Amino acid sequence: MTSKVLPFKTVAAAVAFAAAGLSAGATLAADPVKLIDVIELSGPGAPAGTNWKNGADLAVAEINAKGGILGRPIQLTHYDSQTNPGATRAAVQRAVDEDAYVVLGPIFSGPISASMQITQRAGVPQIVGGEAAAFTKQGNPYIFRTSLNQADAMPKLANYLRDEVKAKSVAVVWINNDFGKGGRDAMIPELQKRGIQVAADIATESGQADFAADAIKVKNANADAVFVYLNEEESARFLRAARQQGITKPIIGETTLLGAKVIELAGEAANGVKGHVGLLVDAPKPTFAEFGKKYQEKYGFTSDHNGIKGYTAVYVVKAITERVGKFDREAFAKTLHGARIDAAQEPGVLIDTKWLPNGDIDRESFLIEVIDGKPVVKATLPMINP
């Protein structure tokens, strides 16, 4: 079945159908499986949300072409969260009211935190793209990540700054939202544990267009390295500003600094940037290469990590539902906690992945450097608890 893209305010009868059958054991084999994707298709999160949406659509088309899930086709509807917590809450409530089997998205951590209680109260599993540490610490049994937790990623980066960069001081540039605060608050203690001084602590704003003043602050701090934790478009703008200010110190970051969109927008300014990523189509695994090729052929551009997350989220729904053997939301959530899905069993997950009891994930990740406009993997980091 084809996926639908509908702005939240105009979603109505086009997606409504009798959905009483999604409770355990009460479905008809021909009924579609209703997945509702609440994702950032406008506002600052639009580049991320568009990649996620495309990846999810690609997965749905593949799964439906092979008979769906337990013989039922997937119906996937996209609601635009507008990268806004209030709009996200309204869209998630609509998804629950329309009896979604699983809610996918959003990506940005603030809207996740603002809306996840709705799916929790309704007992609807929600698979999200956010990295902020806080929302899996609240005991919500229905929330699951597609990204590594910031708290797991930052020690790896701090070790890299100490052991490879040999940094004694670091300037920290972060975005002043839940995502950025979470990253900043996770990173600074890790730097301090390793005896690395925080030479500058620079907050920026979501949607910020001009980073010249921030780049000047970084330059004046004269730190040994710069840690950047911004959203994709802001990351590209900062890199261009840093290049204009003649900053030559190593610039290190996480996934949002090293994505395909950032490299495209930053151009030459992205070369030399290094960091840690959880997912990328250039990872040294055949499953990623195959996905990247399919995505490129269908959409005409390279998927970033969010496209991978949207794609794998749908395949997680398939794998866990087939493991349960029926469409039962509570059983789905219980089964996904502590589950491991290997790519050998379900190629659509692309990489062996384990879900922890709180909804966090554990899997291999990668250290990369941007060289001549391409992310080059320098090392593969193992799972923490395989």
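From a predicted model like this one, the values you see are computed outputs, not experimental measurements.

Engineer: Even after reading the chapter, I still don't get the layout of surface pockets, so can you show me in this structure?
Structural biologist: Gaps left between atoms show up when a probe the size of a water molecule is rolled over them. In this model, the largest pocket occupies a volume close to 500 Å³. Along the wall of the largest pocket there are 25 residues; nearest its centre are Ala260, Lys261, Thr302, Ser303 and Asp304. For the lining of the largest pocket, the secondary structure elements donating two or more residues are α1 (46–65), α8 (260–266), α9 (286–299) and β16 (374–381). With 4 residues, α8 is the single largest residue contributor to the lining of the largest pocket. Taken together, the residues that form the lining of the largest pocket break down as 10 nonpolar, 10 polar and 5 charged. Approximately 230 Å³ is the volume found for the second largest pocket. Taken together, 14 residues line the second largest pocket, and the ones lying closest to its centre are Glu62, Lys66, Tyr311, Tyr315 and Pro347. If you list the elements that add at least two residues to the lining of the second largest pocket, you get α1, α9 and α10 (305–324). Of all the elements, α9 adds the most residues to the lining of the second largest pocket, at 4 residues.

Engineer: Would you mind going over unusual backbone geometry with me for this structure?
Structural biologist: Excluding glycine, residues mostly carry a negative phi; peptide bonds, for their part, are mostly trans. Cis peptide bonds are those with omega within 30 degrees of zero, and the linkage from Gly105 to Pro106 qualifies with 0 degrees. Positive phi, normally seen in glycine, also occurs at Lys166, with a value near 60 degrees. Summarising the element assignment, Lys166 is placed in the loop between α4 (150–163) and β7 (169–175). Residue class for Lys166 comes out exposed when judged on its relative accessible area of 57%. With a phi angle near 70 degrees, Leu350 is a residue other than glycine that sits in the positive phi range. Structurally, the position occupied by Leu350 is in the loop between β12 (340–341) and β13 (353–355).

Engineer: For this particular structure, what's the right way to read the sheet that holds strand β15 (residues 365–371)?
Structural biologist: Strand pairs in the sheet, formed through backbone hydrogen bonds, run parallel or antiparallel to each other. The 7 strands lie next to each other as β8-β7-β9-β10-β11-β15-β16, forming an open sheet whose pairing is mixed. Bordering the open sheet on either side are β8 (197–204) and β16, each of which pairs with just one other strand. With strand direction ignored, the average angle separating the axes of adjacent strands in the sheet is 25 degrees. With 4 bridges connecting them, strand β11 (residues 274–277) and β15 associate as antiparallel partners. Directly across from Lys274, in β15, lies its bridge partner Glu369.

Engineer: Would you mind showing me how to read the environment of Asp328 here?
Structural biologist: Residue position: Asp328 is located in the loop between α10 and α11 (329–336). Taking the C-alpha atoms as reference points, Asp328 and Gln75, separated by 253 residues in sequence, lie 17 Å from one another. Among the polar contacts made by the side chain of Asp328, one reaches the main-chain amide nitrogen of Glu330 at a distance of 3.1 Å.

Engineer: Explanation requested: the packing of α4 against helix α5 (residues 178–193) in the structure shown.
Structural biologist: Where α4 meets α5, the closest approach of the two axes is 9 Å, and the angle between their N-to-C directions is 45 degrees. It follows from the interaxial angle that α4 and α5 lie oblique. Where α4 crosses over α5, the two elements pack in a sense that is right-handed. Residues Gln150, Met154, Pro155, Leu157, Ala158 and Leu161 of α4 form the contact with α5, whose own contacting residues are Phe179, Gly182, Gly183, Ala186, Met187, Glu190 and Leu191.

Engineer: How do you make sense of the pattern of salt bridges when you look at a structure like this?
Structural biologist: It is possible for side chains of opposite charge to pair when their charged atoms get near one another. A full pass over the atoms with the stated rule returns 19 salt bridges. Note that Glu62 and Lys294 form a salt bridge whose closest N and O atoms lie 2.8 Å from each other. With a gap of 232 residues between them, Glu62 in helix α1 and Lys294 in helix α9 connect regions that are remote in the sequence. Lys294 gets classed as partly exposed once you look at its relative accessible area, which sits at 25%.

Engineer: Sorry if this is basic, but what is going on with helix α2 (residues 85–97) here?
Structural biologist: Count 3.6 residues to each turn of an α-helix, and residues three or four apart come out pointing the same way. Here α2 is 13 residues long and its end C-alpha atoms lie 18 Å apart, about the 18 Å a rise of 1.5 Å per residue gives. By the burial criterion, the buried members of α2 are Ala87, Thr88, Ala91, Val92, Ala95 and Val96. Looking at the packing, one finds that the buried side of α2 touches β2 (33–39), β3 (74–80), β4 (102–104), α3 (109–122) and β5 (126–128). Capping the start of α2 is the job of one residue whose side-chain oxygen sits 2.9 Å from the backbone nitrogen of Gly86: Asn84.

Parameters at a glance
Residues numbered from 1 in each chain as written. Predicted model: local features only at pLDDT ≥ 70, side-chain atom pairs only at ≥ 80, totals over all residues. Heavy atoms only, no water. 1 Å grid on protein atoms, 1.4 Å probe; cavity = no way out; pocket = protein on both sides within 12 Å on 5 of 7 lines; lining within 4 Å. Points joined across faces, edges and corners; volume = space filled by probe spheres on them. Helix = DSSP H or I, 4+ residues; strand = E, 2+ residues; numbered from the N terminus. Nonpolar A, V, L, I, M, F, W, Y, C, P; charged D, E, K, R; others polar. Buried < 20%, exposed > 50% of the residue type's maximum accessible area, 1.4 Å probe, protein only. Pairing = 2+ DSSP bridges. Axes fitted to C-alpha atoms, helices over the stretch in contact; angles between N-to-C directions. Polar contact = N/O pair within 3.5 Å; in protein donor to acceptor, adjacent residues only side chain to side chain. Parallel < 35°, antiparallel > 145°, perpendicular 65-115°, else oblique. Left-handed = near helix turned anticlockwise from the far one by under 90°. Contact = heavy atoms within 4.5 Å. Salt bridge = Lys/Arg side-chain N within 4 Å of Asp/Glu carboxyl O. Expected span 1.5 Å × (residues − 1).

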